[in-house]
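Residue-level structural notes
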2 protein chains.
Amino acid sequence: MESNTPLGRKVTVRDIAAACGVSRATVSLVLRDSPLVNKDTRARVEEELRRQGYVYNRAAANLRRRTSSSIALVINELANPFFAEFAAGVDDVVGEAGMVTLLGSSSESPQREQAVLGSLIEHGPGGIILSPAEGSDARQVLAAVGARTPLLVFNRELSGEQPEYAHWDSLALDNQQGAREATAHLIAQGHRRIAFFGGHGDSSSCRQRRAGYREAMKAVGFPMAPHWEVECLPTRLDAARCAEALFEADPAPTAAVCYNDAVALGLMHGLAERGLAPGQDFALTGFDDIAEAALATPSLTTLAAAPRARGRQAAQMLLQRLRDPDAEARRIVAPVKLVIRASSCPPLA
Amino acid sequence: MESNTPLGRKVTVRDIAAACGVSRATVSLVLRDSPLVNKDTRARVEEELRRQGYVYNRAAANLRRRTSSSIALVINELANPFFAEFAAGVDDVVGEAGMVTLLGSSSESPQREQAVLGSLIEHGPGGIILSPAEGSDARQVLAAVGARTPLLVFNRELSGEQPEYAHWDSLALDNQQGAREATAHLIAQGHRRIAFFGGHGDSSSCRQRRAGYREAMKAVGFPMAPHWEVECLPTRLDAARCAEALFEADPAPTAAVCYNDAVALGLMHGLAERGLAPGQDFALTGFDDIAEAALATPSLTTLAAAPRARGRQAAQMLLQRLRDPDAEARRIVAPVKLVIRASSCPPLA
DNA sequence: GTACGTATTTGGAACGATCCAAATGGAGCC
DNA sequence: GGCTCCATTTGGATCGTTCCAAATACGTAC
């Protein structure tokens, strides 16, 4: 604890070895808990390590051993609570494995993403977890990451041509299954005229969710009206503004599967302004299970993706890959869980 | 781009040098954009670097140069949007400076914090930004960080005895001024009976905010009733549960300064359950300006701390310290800004 | 006393980049 | 030719750790 060198040079194995009258190799063995070293020697060295306030230089060790003790994590938008939770989950597992997380944020810009990947890769991470920016191109990402570093892609697909030789692991959410379940749930509640509300048509998650909705409707043979599929920005404000579109033509829907929770909450607002009581006169579901969903009035039926658990899972997948670099690439689609609350009421009698 | 060594050894300066018929030193000069090297040589080397898909090994360079290219960031709770924003701000600036962020999360546990600091320090960061876990002890943190690595403490104070020899920079929020302003605003609206609601009494931020509240009340000579200071967990749920406590005795308050936004939103819920309309029958303010504050009904008057800007500022302070290690320690208290919205209505006539 | 086995320790050469002092090769001048 | 001057290049040592093959010490059995 007491620092004999308050501002002197950094303490190295050499200093410890000299002070104990042993060789550097012996100190190194002590540091790595080798059973080879004598009990007394070990005690003497350990005491000296403490006394001089030695800190291990992992970078030097990694250089020599050609190993890595870090994982790079590149997030499209860290400020988004969903991804913050995800990052926390990743860091949990990475930390448990005795490694550290190198963080990078791309702010949804493929250019920034390239720069960040380039910078992180120079630090020699053992692997990379990437939640791609929208529009991030597969070839470019692979060029930046290189063939040497395992890659795990989370949440979105990389766009553009997929080079066949390159294989990476991926972890995605089962958007389609989720939307299908939500739709089926509304159908089970007795609804027949169900809308799909909100989201941006081009994004892969929106396409997948809409596909799930259509699938569920087709499965029971219910017709769908064109004006039941409403696009809007994935924000509360725009969702509230677009609520009207549902009622522009007959027949009006009695329920809606919403793109996500933000949109659902916005729609609630829009409904209230039209004099409809959400959860009573009109049923709806969300997606994500954000903190607010449980607290809204009425509380929101939604699909929980458990971002922290996904983060842990992503990290585990990558660590697994480090252990077994030649295993087949894995593409895991994590199920999402329907959380039934008050907003998905039966239709009015 | 084309990788001649799809799974061969890592490409090093040595390989490039050999392929170009120059020495390692020359390649190294090219890598660092030295003006010493001949134009043609440079072109030849750069071409070869590209051809072989060379990636710079920054760890090796740092070892030799005794420099660092990373900043460690240890957050008490990364999943909290406030700190996620902060982290994003830090990473922005660190990235702009060509460095990378080493991430660690302590989950509000001083033990975890110790472990995380110990692990990160081994990677030789140039400096550390720490948002301490509640109850984190100054001596222990300093022991883990060592005297060699500059430390910047954000948001909270380290508890326990403060060793005089150790100096670190700090960046805090002006909790007291914020709460004082919020209280003064409610007073200006015409309220006389104002409560301070929520938060945990022991935490430094809660103490500071309460002090600001009391100060503002004393400044105008308004009396304060004991049951107007209600403690609760800083969560929505517990806040909703504790709302009653405000009305257990006479006289009941007509407004409340809340510990933070989560608590304020919870209190709104609790009020609604008692049949009181927040923003009409009862005024309240929050602290933090989380995304939801603007969207709640009624929209929430609160104190904006601009966490992303604080993150940028913290990183800048630390980078400044790296440039000038011997400068006086700086303790900056960042002002917070009162954002007036609908929840801080005047009292009923 | 020699040989052998076990337990422990060790010097030197890596890892991949950079620093440094010194070498190289012209061009220009006397 | 010999000289200096300049631009450019270079081998070897070094950063802090680990690997490796070999050395040392000490019983114990023959």
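Residues numbered from 1 in each chain as written. Chains lettered and ligands numbered in written order. Predicted model: local features only at pLDDT ≥ 70, side-chain atom pairs only at ≥ 80, totals over all residues. Heavy atoms only, no water.

1. A look at the pairing of strand β8 (residues 255–258) of chain B
Residues and elements named next belong to chain B. Heads up, the condition is: Between buried and exposed lies partly exposed: a residue is buried under 20% and exposed over 50% of the maximum accessible area for its type, with that area taken using a 1.4 Å probe on protein chains only. Strands here mean DSSP runs of E at least two residues long; helices mean DSSP runs of H or I at least four residues long; both are numbered from the N terminus. At least two DSSP bridges between two strands are needed for those strands to be called paired.
Of the two faces of β8, both are covered, the one formed by Ala 255 and Val 257 as well as the one formed by Ala 256 and Cys 258. The pairing of β8 with strand β9 (residues 283–285) spans 3 bridges and is parallel. Paired with Ala 256 across the bridge in β9 is Leu 284.

2. Thoughts on unusual backbone geometry
Pro 298 of chain A follows Thr 297 of chain A through a cis peptide bond whose omega is -5°. For the peptide bond that leads from Asp 250 of chain B to Pro 251 of chain B, omega is -10°, which places it in the cis range. As for its placement among the helices and strands, Pro 251 of chain B is situated in the loop between α10 (236–242) and β8. Phi is positive for Arg 66 of chain A, close to 55°, though the residue is something other than glycine. Residue position: Arg 66 of chain A is located in the loop between α4 (58–65) and β1 (70–75). The backbone phi angle of Asp 33 of chain B is positive, close to 55°, even though this residue is not glycine. Summarising the element assignment, Asp 33 of chain B is placed in the loop between α2 (24–31) and α3 (39–52). Take Asp 33 of chain B: its relative accessible area is 59%, and that puts it in the exposed class.

3. Side note on the domain arrangement of chain A
Residues and elements named next belong to chain A. Defined as follows: An automatic or database domain assignment is the source of the domain bounds shown. Pairs of residues are marked as contacts when any of their non-hydrogen atoms sit within 4.5 Å. Buried area is a sum: the accessible area each of two parts loses on coming together, probed at 1.4 Å, counted once for each and added. The salt bridge criterion pairs a side-chain nitrogen of Lys or Arg with a carboxyl oxygen of Asp or Glu, the two atoms within 4 Å. Any pair of N or O atoms that falls within 3.5 Å is considered a polar contact. Within protein, one atom must be able to donate a hydrogen and the other to accept it, and sequence-neighbouring residues count only if both atoms are side-chain atoms.
For chain A, the assigned domains read domain 1 (13–56), domain 2 (69–174 + 308–334) and domain 3 (175–304). Of note, the centres of domain 2 and domain 3, computed from C-alpha atoms alone, are 31 Å apart. Contact residues are listed per partner, giving 4 residues for domain 2 and 6 residues for domain 3. Summed over both sides, the interface between domain 2 and domain 3 buries roughly 520 Å², with carbon and sulfur atoms accounting for 36% of that surface. Counting across the interface, domain 2 meets domain 3 through 0 salt bridges. Applying the counting criterion to the domain 2 and domain 3 interface returns 4 residue pairs in polar contact (both at pLDDT 80 or more).

4. Overview of a positive patch on the surface
Our working definition: In this scheme, patches are assembled from residues that exceed 30% relative accessible area and form no salt bridge. Like charges are connected within 9 Å, while nonpolar side chains (Val, Leu, Ile, Met, Phe, Trp, Tyr) are connected within 5 Å. The Shrake-Rupley method, run with a 1.4 Å probe, gives the accessible areas here. Residue values count only the displayed protein chains as cover. Just so you know, the count uses Lys and Arg for positive and Asp and Glu for negative, and it drops His and the chain ends. The atoms used to mark charge sites are NZ of Lys, CZ of Arg, CG of Asp and CD of Glu.
A surface patch of positive charge is lined by Lys 10 of chain A together with Arg 64, Arg 66 and Arg 148 of chain B. Along the chain, the position of Lys 10 of chain A falls in the segment before α1 (13–20). Judged by its relative accessible area of 48%, Lys 10 of chain A is partly exposed.

5. Details of the packing of aromatic side chains
Convention followed: Stacked, edge-to-face and tilted are the three classes for Phe, Tyr and Trp ring pairs, Trp counted by its six-membered ring, which pair at centre distances within 6.5 Å; planes under 30 degrees apart are stacked, over 60 edge-to-face, the rest tilted. Lysine and arginine charges are scored as sitting over a ring when NZ or CZ, respectively, is within 6 Å of the ring centre and within 35 degrees of the ring normal.
Within this structure, the stated rule accounts for 8 aromatic pairs over all chains. Here the aromatic rings of Phe 82 of chain A and Phe 83 of chain A are separated by 5.2 Å at their centres, their planes lie at 90°, and the arrangement is edge-to-face. The pair Phe 82 of chain A / Phe 83 of chain A is uniform in exposure class, with both members buried. Between the aromatic rings of Phe 247 of chain A and Phe 282 of chain A, the centroid separation amounts to 6.0 Å while the plane-to-plane angle is 65°, which identifies the pairing as edge-to-face. Pair noted here: Phe 247 of chain A is in the loop between α10 (236–242) and β8 (255–258) and Phe 282 of chain A is in the loop between α11 (261–273) and β9 (283–285), with a separation of 35 residues, a long-range link. For the cation-ring pair, Arg 209 of chain B lies above Phe 287 of chain B, with the distance from its terminal atom to the ring centre recorded as 3.7 Å.

6. Digging into the relation of the copies chain B and chain A
Using the following cut-off: Overlaid copies result from least-squares superposition on C-alpha atoms, with residues included only where pLDDT is at least 70 in both.
Note on the identical chains: chain B maps onto chain A by a rotation of 180° and an axial translation of 0.6 Å, with an RMSD of 0.7 Å. Between the two chains, the operation in question is that of a two-fold axis. Among all C-alpha atoms of chain B, that of Leu 102 of chain B lies closest to the rotation axis, at 2.4 Å. When you check the interface residues of chain B against chain A, 98% turn up at the interface there too, and the contact is symmetric in its surfaces.

7. Points about the protein's contact with DNA strand D
Filter applied, for reference: Residues are labelled near a given molecule or strand when at least one of their non-hydrogen atoms is within 4 Å of it. Each residue receives one of three labels: charged for Asp, Glu, Lys and Arg, nonpolar for Ala, Val, Leu, Ile, Met, Phe, Trp, Tyr, Cys and Pro, and polar for the others, Gly being one of them.
Neighbouring DNA strand D are 25 residues, the closest being Ser 28, Arg 32, Tyr 54 and Arg 64 of chain A together with Thr 41 of chain B. Near the protein, meaning within 4 Å, the atoms of DNA strand D are sugar or phosphate in a fraction of 73%, with bases accounting for the rest. Here Arg 64 of chain A contributes a side-chain N or O atom positioned 2.3 Å from a base oxygen of DNA strand D. Elements represented by at least two residues in the surface near DNA strand D include exactly α2 (24–31) and α4 of chain A together with α2 and α4 (58–65) of chain B. The leading source of residues in the surface near DNA strand D is α4 of chain A, at 4 residues. Of the residues in the surface near DNA strand D, the class split is 11 nonpolar, 7 polar and 7 charged.

8. Some thoughts on the interface of chain B and chain A
At the interface, 47 residues of chain B touch 46 residues of chain A. Summed over both partners, the interface of chain B with chain A comes to about 3,900 Å²; 57% of that surface belongs to carbon and sulfur atoms. Ranking the residues of chain B by area buried against chain A places Leu 103, Glu 122 and Arg 148 of chain B at the top, with a combined share of 16%. At the junction of chain B with chain A, the criterion picks out 4 salt bridges. Between Glu 77 of chain B and Arg 308 of chain A there is a salt bridge; the shortest N-O distance is 3.9 Å. Counting every contact that joins chain B to chain A gives 8 residue pairs in polar contact (both at pLDDT 80 or more).

9. Considering the sheet that holds β8 of chain A
Backbone-to-backbone hydrogen bonds join strands into a sheet, with any given pair of strands oriented parallel or antiparallel. Residue and element names in this part refer to chain A. Here is the rule: Geometry is summarised by axes, namely lines fitted to C-alpha atoms with helices restricted to the contacting stretch, and by angles between N-to-C directions that run from 0 to 180 degrees.
As summarised here, the arrangement of the 4 strands in space is β7-β6-β8-β9, forming an open sheet in which the pairing is parallel. Whereas interior strands pair on both sides, the edge strands pair on one side only; in this sheet they are β7 (229–230) and β9. Running at roughly 165° to β8, helix α8 (residues 175–188) makes contact with β6 (194–197), β8 and β9 of the sheet. Contacts between α11 and the sheet are confined to β6, β8 and β9, with β9 contributing the most and set at about 160° to the helix.

10. Details of the protein's contact with DNA strand C
Lining the immediate surroundings of DNA strand C are 26 residues, of which Thr 41 of chain A together with Ser 28, Arg 32, Tyr 54 and Arg 64 of chain B lie closest. The contact atoms of DNA strand C, taken as those within 4 Å of the protein, divide so that sugar and phosphate hold 72%. Between DNA strand C and the protein, one listed contact pairs a phosphate oxygen with a side-chain N or O atom of Ser 28 of chain B at 2.3 Å. One of the side-chain nitrogen or oxygen atoms of Arg 32 of chain B is found 2.3 Å away from a phosphate oxygen of DNA strand C. Elements supplying a minimum of two residues to the surface near DNA strand C: α2 and α4 of chain A together with α2 and α4 of chain B. Of the residues that constitute the surface near DNA strand C, the class distribution is 12 nonpolar, 7 polar and 7 charged.

11. What about the sheet that holds strand β5 (residues 169–173) of chain B?
With respect to topology, 12 strands assemble into an open sheet ordered β11(A)-β5(A)-β4(A)-β3(A)-β1(A)-β2(A)-β2(B)-β1(B)-β3(B)-β4(B)-β5(B)-β11(B), the strand pairing being mixed. The two strands at the open ends of the sheet, each matched to only one other strand, are β11 (331–334) of chain A together with β11 (331–334) of chain B. Sheet twist, expressed as the mean angle between neighbouring strand axes with direction ignored, is 20°. Where strand β1 (residues 70–75) of chain B and strand β2 (residues 100–105) of chain B come together, 6 bridges link them in parallel fashion.

12. Description of the nonpolar core
The following threshold applies: Nonpolar cores were defined as sets of buried Ala, Val, Leu, Ile, Met, Phe, Trp, Tyr and Cys residues, with membership established by side-chain atoms within 4.5 Å.
With 135 residues, the main nonpolar core has Ile 129, Phe 197 and Leu 267 of chain A together with Ile 129, Phe 197 and Leu 267 of chain B as its most contacted residues. Ignoring sequence-local partners within four residues, the contact set of Phe 197 of chain B consists of Val 230, Cys 232, Ala 239, Cys 242, Ala 243, Leu 246, Ala 256, Val 257, Cys 258, Tyr 259, Val 263 and Leu 267 of chain B.

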